[in-house]
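# Reading the structure
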Amino acid sequence: MKINWQKEVEQRKEQLIKDTQRLLQIKSTLDEDTATQDIPFGKGIKEALDFMLDLGEKDGFSVKNIDNYGAHLEMGHGDELLGILGHLDVVPEGEGWTTDPYSADIRNGRIYARGAMDDKGPTMAAYYAMKIVKDLGIDINKRVRLILGTDEESDWRCMDHYFEREETPTVGFVPDADFPIIYAEKGIADFTYEFDSSRHEGAEAALVSFSAGQRFNMVPEFAKAVVDAGSMDAGQWKEQYSQYCDEHGLSGSFTAEGNEVTITMDGVSVHGMEPDLGVNAGLRLAEFLITLPFEGDDKHFLEFVNKYMSKESRGHALGVAYSDDITKDLTINYGILSYEHGGKGKIALNMRYPVTFDFESGWSVLEKVGADNGFSIQMKTHLGPHHVDANSELVKTLQKIYEEHTGEEAELLAIGGGTYARAIKNAVAFGPLFPGREDVAHQKDEYIIIEDLLKATAMYAQAIYELTR
């Protein structure tokens, strides 16, 4: 049976775009303020989940909501289960958008919205891929299940809850990364260094507060420090700060009202899997603050940050630098930095380590660094690395499909990002970002190119067809 998958997608183009826009117009960020026992991640995420369940029910899929932690849409029959895993939650929108981040505005052949690329646009592509196979009445020998996650951008509580109650697919793919095929993913550990700060009486200046960042896995784009200058003249600090910014190509602000000085730093936010592509506003501001006459724990906190983390994303100063031929360098993002004079100091780290890294030994090194400097270390979440055999039937099938649709070699990739593929032993990440395209996930003016959305849908439909023959 010869099927022109691209033609089938083109016939549904208008409705695919409309449904994608409708899903993107839902602000599905984690919202603790509206979260309840019944709505664990807030009203926006629940609304997005309900939207997909209603759509699936209307189109004749078997649907199941798993306590609002996640859900699935299913078709087909058989003992084996093909899983396609997408997520409906998105990171906070941030500042600086050209149009409203939830308008799903179309211009220049692109849909602009938070989640357009990561991951609501690709999830809708996977949905329409299932719909095409179902509409064509193709007899498939496996069940096919689109599993919808709701907490991927935070702690993966959705997947933990889902797979405690539902079966694990025997094979699968995830539309939440890059084409051609990602067959290996680094381990990911979110952890914090924390300590209790004491007041230091008689100091010339005090670091009243310091803050940067919102998420472990995002490079902070803004940092702010409030300083009590005491009896000192802060005017000279303003000149120093201006010079520091000029020398490093940075921007920020410096204002003084009486003894209180407020200093801000602008950075560039990117996904935490490759921090060097962005500018960490927190680290850069800490680098300047250490030049001011702080004492006691104010100084100790800044010294710790500057000694072990400043301009350092590979873990050399912390003693855990490592690289292998499969997934390359260990990386660390310092996603949240916070401090209060006489309160708490905290640094939140997102470490992504190669598949051959000895995590237990590395963790011991990190614990010792904390202990030697008076910081406690606390693990928040930990996902082990993931690696699928390059010669598996799954990988070979997807390689063939990619090459047929693009005419290009389907190179196997390894990444520092974490996808739902690691929830299934035999699963890989498959698109939607094509080689050479700009990666705009987690950035302002996030978009998906409509042409790419349609092509990915066609490839996903063919993948469903061939993986269920």
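Here goes a summary of the coordinates provided. Given the structure is predicted, the values throughout are model-derived calculations rather than measurements.

Moving on to the packing of helix 2 (residues 13-24) against helix 11 (residues 450-467). Viewed as axis vectors pointing N to C, helix 2 and helix 11 meet at an angle of 110 degrees, and their least axial separation amounts to 11 Å. Looking at the two axes, helix 2 sits roughly perpendicular to helix 11. Touching Lys13, Leu16, Ile17 and Thr20 of helix 2 are Ile450, Leu453, Leu454 and Thr457, all from helix 11. Residue classes in the contact of helix 2 with helix 11 are distributed as five nonpolar, two polar and one charged.

Attention now moves to the layout of surface pockets. Gaps between atoms show up when a probe of the same size as a water molecule is rolled over them. The space that makes up the largest pocket amounts to roughly 950 Å³. Taken together, 45 residues form the lining of the largest pocket, with Glu153, Asn217, His271, Arg352 and His442 sitting closest to its centre. For the lining of the largest pocket, the elements supplying multiple residues, two or more each, are strand 8 (177-178), strand 10 (187-196), strand 18 (344-353), strand 19 (376-383) and strand 23 (432-433). When residues of the lining of the largest pocket are assigned to their parent elements, the largest contribution, four residues, is made by strand 18. Here the residues of the lining of the largest pocket are counted per class, giving 17 nonpolar, 13 polar and 15 charged. In this structure, the second largest pocket occupies an estimated 540 Å³ of space. For the second largest pocket, the lining is made up of 21 residues, of which Gly94, Glu95, Glu221, Phe222 and Ser269 are closest to its centre.

With eight of its ten residues buried, strand 17 (residues 331-340) lies for the most part within the structure. Inspection of the sheet shows strand 11 (residues 206-212) paired to strand 17 by four bridges, in the antiparallel sense. Residue pairing for strand 17: Phe210 is matched across the bridge by Tyr339. Remark: three residues form the turn of the hairpin made by strand 17 and strand 18, two consecutive strands paired antiparallel; Gly342 in that turn has positive phi of roughly 75 degrees.

This brings us to the sheet that holds strand 19. In spatial order, the strands read 13-14-12-11-17-18-10-19; together these eight strands make up an open sheet with antiparallel pairing. The sheet terminates laterally at strand 13 (251-257) and strand 19, the two strands that pair on one side only. Within this sheet the neighbouring strands show an average axis-to-axis angle of 15 degrees, counted without direction. Across the sheet, helix 6 (residues 235-248) is in contact with strand 12 (222-228), strand 13 and strand 14 (260-266); its angle to strand 13 comes to roughly 175 degrees. Contacts from helix 9 (residues 359-372) reach strand 10, strand 18 and strand 19 within the one sheet, and its direction differs from that of strand 19 by about 155 degrees.

Scoring rules and cut-offs
- Residues numbered from 1 in each chain as written.
- Predicted model: local features only at pLDDT ≥ 70, side-chain atom pairs only at ≥ 80, totals over all residues.
- Heavy atoms only, no water.
- Axes fitted to C-alpha atoms, helices over the stretch in contact; angles between N-to-C directions.
- Helix = DSSP H or I, 4+ residues; strand = E, 2+ residues; numbered from the N terminus.
- Parallel < 35°, antiparallel > 145°, perpendicular 65-115°, else oblique.
- Contact = heavy atoms within 4.5 Å.
- Nonpolar A, V, L, I, M, F, W, Y, C, P; charged D, E, K, R; others polar.
- 1 Å grid on protein atoms, 1.4 Å probe; cavity = no way out; pocket = protein on both sides within 12 Å on 5 of 7 lines; lining within 4 Å.
- Points joined across faces, edges and corners; volume = space filled by probe spheres on them.
- Buried < 20%, exposed > 50% of the residue type's maximum accessible area, 1.4 Å probe, protein only.
- Pairing = 2+ DSSP bridges.

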